[in-house]
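Overview (structure and organization)
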Amino acid sequence: AKTAYTLSKQGDDYSGGLCYYFKEAFEALGGTVVSAEFPEGTSDFTSYVIAAKNAGADVFFSPVSTEAAALIVDNAAAQGLGMPIMAGDTWDSNVITGAAQGKDNVHVYVTTFYQEGGNAEFDAAFKEWINSDSVNLENNGGNDMIAAVSVMGYDAYFVALEALKNAGSTDPAAVNEALWDTTYTGVSGDIAFEPTNGDAIRDVAYVKVANTETGAWDFVAVQTVE
């Protein structure tokens, strides 16, 4: 890929930040990036799909919300986007695989932090819990697909519990202080925090592609950084 098209939402720090760092990295490798933003309330992304095609882009990067993502997938299929669509962990959802299912001309890739099948014991228990209650099933989008955000939410609960243990107190200030040095091996991997700003230390991502036939995520590769 020599040219990338990035699309973020105006005023959204998450998608804007990821597009900023994507652009920085892509250009450092010698590529060209065409950037665009869409305003709140946008429901038709046809003009952005056409703009990406007209720019001669090879990839379309848009790490936005699932609501916007599903519409982007629909418009990309209708307009024959003709290039891979890439996003981060917000797109790791059965909303996206559902939007892509049946659309053979759409190829959606995500980088995320868990691949279903990575922990068989957790997967089986989680699916049993989802299927045990109609509300759980509805809240999970109508099926028992396991998204990385669900796994990381599970891990976050136990990280917080470890911080409480390490603090030896329920005082918020004490727990916050203990959290900085708290480590935990969870379903999604080893969890620790960067000592200067508190960011999670992560050096591994899972690349997945939406299977347009089965409506599931297919594993592509593990990507590591130094």
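Above this note sits the structure.
Scoring rules and cut-offs
- Residues numbered from 1 in each chain as written.
- Predicted model: local features only at pLDDT ≥ 70, side-chain atom pairs only at ≥ 80, totals over all residues.
- Heavy atoms only, no water.
- Phe/Tyr/Trp six-rings, centres within 6.5 Å; stacked < 30°, edge-to-face > 60°.
- Helix = DSSP H or I, 4+ residues; strand = E, 2+ residues; numbered from the N terminus.
- Buried < 20%, exposed > 50% of the residue type's maximum accessible area, 1.4 Å probe, protein only.
- Contact = heavy atoms within 4.5 Å.
- Salt bridge = Lys/Arg side-chain N within 4 Å of Asp/Glu carboxyl O.

Below, the discussion takes up the packing of aromatic side chains. Inspection of the entire model under this criterion finds 14 aromatic pairs. When the centroid spacing of 4.3 Å and the interplanar angle of 15° are considered together, the rings of phenylalanine 22 and phenylalanine 61 count as stacked. Remark: phenylalanine 61 occurs in strand E3 (residues 59–61) and phenylalanine 22 occurs in helix H1 (residues 13–28); sequence separation between them is 39 residues. Judged on exposure class, the residue phenylalanine 22 and its partner phenylalanine 61 are both buried.

Turning to the side chain of threonine 46, a few remarks are in order. Note that threonine 46 resides in helix H2 (residues 46–54). Ignoring any residue separated from it by four or fewer positions in sequence, one finds threonine 46 in contact with Asn75 and Gln79.

For the structure on display, the rule yields seven salt bridges. Here lysine 9 makes a salt bridge to glutamate 40, at a shortest N to O gap of 2.7 Å. You can see lysine 9 sitting in strand E1 (residues 3–9) and its partner glutamate 40 sitting in the loop between strand E2 (32–38) and H2, a full 31 residues away along the chain. For glutamate 40, a relative accessible area of 63% puts it in the exposed group. The salt bridge involving lysine 165 is made with glutamate 162; its shortest N-O contact spans 3.4 Å. Separated by three residues within a single helix, lysine 165 and glutamate 162 lie in helix H7 (residues 148–167), roughly one turn from each other. Several salt bridges converge on common partners, so that one network encompasses Glu116, Lys127 and Asp144.

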